[in-house]
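# Structure assessment
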Amino acid sequence: MPNIKSAKKRVKVIAKKKVNNNDFRSSMRTAIKNVEKATEKTVAAEKLNIAIQKIDKAVSKGLVHKNYAARQKSRLTKKVNEMK
C-alpha cells in the first residue's frame, strides 16, 4: 500500500483507467464476434465498419498493438468478402 499522497492518487487513477480500458476492449471484442456471427453479407459489412472503428480507436488509445489490429481487420474483411 502506498504511503505518499501522490502514489495513493495514482492507485485511484490507474484503477479508474483500468475499468475504462477493460470496458472498451470488451466492446471491441464483442464487435469482432458480431462480424464473425453475421450470416448475410450486407449485415456483416455494416458490422465490419463498426468493428474497424473500434479496433482503430483501441490502437490510438494504446490498448492493442497495431499489428494485432491490422491482422484482425484483414481477417474480418477477408471473411466478409468471401460471403455470398
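One structure accompanies this document, and this report is about it. Being a predicted model, the structure only gives us computed values, none of them experimental. (Residues numbered from 1 in each chain as written. Predicted model: local features only at pLDDT ≥ 70, side-chain atom pairs only at ≥ 80, totals over all residues. Heavy atoms only, no water.)

Moving on, we get to the environment of E36. Mapped onto the elements of the fold, E36 is located in helix α1 (residues 5–37). Given the relative accessible area of 31%, E36 is considered partly exposed. Sequence separation between E36 and I55 is 19 residues; the distance between their C-alpha atoms is 15 Å. Excluding its chain neighbours within four sequence positions, the residues that come into contact with E36 are R75, L76 and K79. A polar atom in the side chain of E36 sits 2.8 Å from the side chain of R75. (Helix = DSSP H or I, 4+ residues; strand = E, 2+ residues; numbered from the N terminus. Buried < 20%, exposed > 50% of the residue type's maximum accessible area, 1.4 Å probe, protein only. Contact = heavy atoms within 4.5 Å. Polar contact = N/O pair within 3.5 Å; in protein donor to acceptor, adjacent residues only side chain to side chain.)

Moving on, we come to the side chain of Q72. Relative to the elements of secondary structure, Q72 occurs in helix α3 (residues 66–81). Setting aside residues no more than four positions away along its own chain, Q72 makes contact with I32 and I55.

For the rest of this paragraph, the subject is the nonpolar core. A general tendency of soluble globular proteins is for nonpolar side chains to be buried together. Core analysis: the biggest nonpolar cluster contains 17 residues, and M28, V35, I55, A58 and L76 have the highest contact counts within it. Mapped onto this core, the elements with two or more residues apiece are α1, α2 (41–61) and α3. Not counting residues within four places of it along the chain, the set of residues in contact with M28 comprises K54, I55, A58, V64 and Y68. (Core = buried A, V, L, I, M, F, W, Y, C linked by side-chain atoms within 4.5 Å.)

Where α2 contacts α3, the axes come no closer than 10 Å and their chain directions differ by 175 degrees. In terms of orientation, α2 lies roughly antiparallel with respect to α3. Residue-level contacts link K41, A44, A45, L48, A51, I52, I55, D56 and V59 of α2 to K66, A69, Q72, K73, L76, T77, V80 and N81 of α3. Residue classes in the contact of α2 with α3 are distributed as ten nonpolar, three polar and four charged. (Axes fitted to C-alpha atoms, helices over the stretch in contact; angles between N-to-C directions. Parallel < 35°, antiparallel > 145°, perpendicular 65-115°, else oblique. Nonpolar A, V, L, I, M, F, W, Y, C, P; charged D, E, K, R; others polar.)

All quantities given are derived from atomic positions and should not be read as evidence of function.
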